Amino acid sequence: GVARRMNTSGMFPNDVVFDEAGRLLLMSSGDRLTMFDATTGKIVGGPTPPITRGEGVQIVRLAFGGAGTIAAAVDNDGFLHTFTVPELEPLQSRFGAQPDGAYAVAVSPDGRLAASGSDSGTIAIWSVETGELFGETLRGHDNRVLALRFGADSRRLLSLGQDGSIVSWGLDATEWIDTACRIANRNLTEAEWTRCVGEAECQPSCFATVAGVAVDD
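The text that follows walks through the structure, step by step, so that each part is easy to find.

The next point concerns the sheet that holds strand β11 (residues 122–127). Strand order across the open sheet formed by 4 strands is β9-β10-β11-β12, with antiparallel pairing between neighbours. Two strands in the sheet have a free side with no partner beyond their single neighbour: β9 (102–107) and β12 (138–139). Strand direction decides the pairing type here: strand β10 (residues 113–118) and β11, joined by 5 bridges, are antiparallel. Paired with L113 across the strands is S127, a residue of β11.

Right, let's talk about the pattern of salt bridges for a bit. Evaluated as defined, the whole model comprises 3 salt bridges. D119 is the salt-bridge partner of R144, the closest N and O atoms lying 2.7 Å from each other. With a gap of 25 residues between them, R144 in the loop between β12 and β13 (145–150) and D119 in the loop between β10 and β11 connect regions that are remote in the sequence. Looking at R144, the relative accessible area reads 25%, which means it is partly exposed. Residue class for D119 comes out partly exposed when judged on its relative accessible area of 32%.

Moving on, we come to unusual backbone geometry. Residues G46 and P47 are joined by a peptide bond in cis, for which omega reads 0 degrees. Looking at where P47 falls in the secondary structure, it is placed in the loop between β4 (43–45) and β5 (59–65). For the peptide bond that leads from V85 to P86, omega is 5 degrees, which places it in the cis range. Looking at the secondary structure, you find P86 in the loop between β7 (80–84) and β8 (90–92).

As a further point, take the packing of aromatic side chains. Under the defined criterion, the tally for this structure stands at 0 aromatic pairs. Just above the ring of Y103 sits the side chain of R144; from NZ or CZ to the centre is 3.7 Å.

Counting buried positions along β11 gives 6 out of 6 residues, so the element sits mostly inside the fold. The side-chain alternation of β11 yields two buried faces, one formed by T122, A124 and W126 and the other by I123, I125 and S127. The antiparallel hairpin formed by β10 and β11 contains 3 residues in its connecting segment, where G121 sits at a positive phi of about 100 degrees. Pairing between β11 and β12: 2 bridges, direction antiparallel. In the sheet register, I123 faces β12, and the bridge partner there is L138.

Glancing now at the layout of surface pockets. Reported here for the largest pocket is a volume of approximately 400 Å³. Around the largest pocket sit 22 residues that line it, and A63, F64, V105, L148 and R149 are the ones nearest its centre. Elements with a contribution of two residues or more to the lining of the largest pocket: β1 (13–18), β5, β9 and β13. Of the residues in the lining of the largest pocket, the class split is 15 nonpolar, 2 polar and 5 charged.

The rules behind these values
Residues numbered from 1 in each chain as written. Predicted model: local features only at pLDDT ≥ 70, side-chain atom pairs only at ≥ 80, totals over all residues. Heavy atoms only, no water. Pairing = 2+ DSSP bridges. Helix = DSSP H or I, 4+ residues; strand = E, 2+ residues; numbered from the N terminus. Salt bridge = Lys/Arg side-chain N within 4 Å of Asp/Glu carboxyl O. Buried < 20%, exposed > 50% of the residue type's maximum accessible area, 1.4 Å probe, protein only. Phe/Tyr/Trp six-rings, centres within 6.5 Å; stacked < 30°, edge-to-face > 60°. Lys NZ or Arg CZ within 6 Å of the ring centre and 35° of its normal. 1 Å grid on protein atoms, 1.4 Å probe; cavity = no way out; pocket = protein on both sides within 12 Å on 5 of 7 lines; lining within 4 Å. Points joined across faces, edges and corners; volume = space filled by probe spheres on them. Nonpolar A, V, L, I, M, F, W, Y, C, P; charged D, E, K, R; others polar.

Written as structure tokens, this is what we have:
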């Protein structure tokens, strides 16, 4: 095949990823991002200013999502960052941190959600629009999350752990609400609603079914 060398002079890449169409290539170098045209090798976005904070903090994983309109990065200080494509303008300066570092990242195809996986095996789901957590932290691995992938319909997330396990997570808010209602056997409080589905407007009633009867206060 034909080889094409990107101009990475003065850069020391530590991760690289193609967009779904194979037209763009996103590269991280230390605490900066650069976007290349994969056909011409020319830079079309960045290099960005440093996006991490703290000495020795580096970007460790990259991802595209939102049908190629969103770029995401996580750093070993536990923060998730999102950017426009191809300009690499920040969408969110940075999301909340996972205290033991983030080592995997994914963005849903519909661009609504982003996921980050930590060294201890936890997974955080974030609203791309608001930067807020979507539901509670997911726990299904004994140690580091190595990879995350959303399903094509954005309603499921696969996670691969260093412990060798693969977990499929349902992200349909309706399923989460139904499960929470069945457990509580009553309407959810505003705080419980927020933990289940994030910042969406709290609804007045639970529609979980117990013994075939809808549960209401």
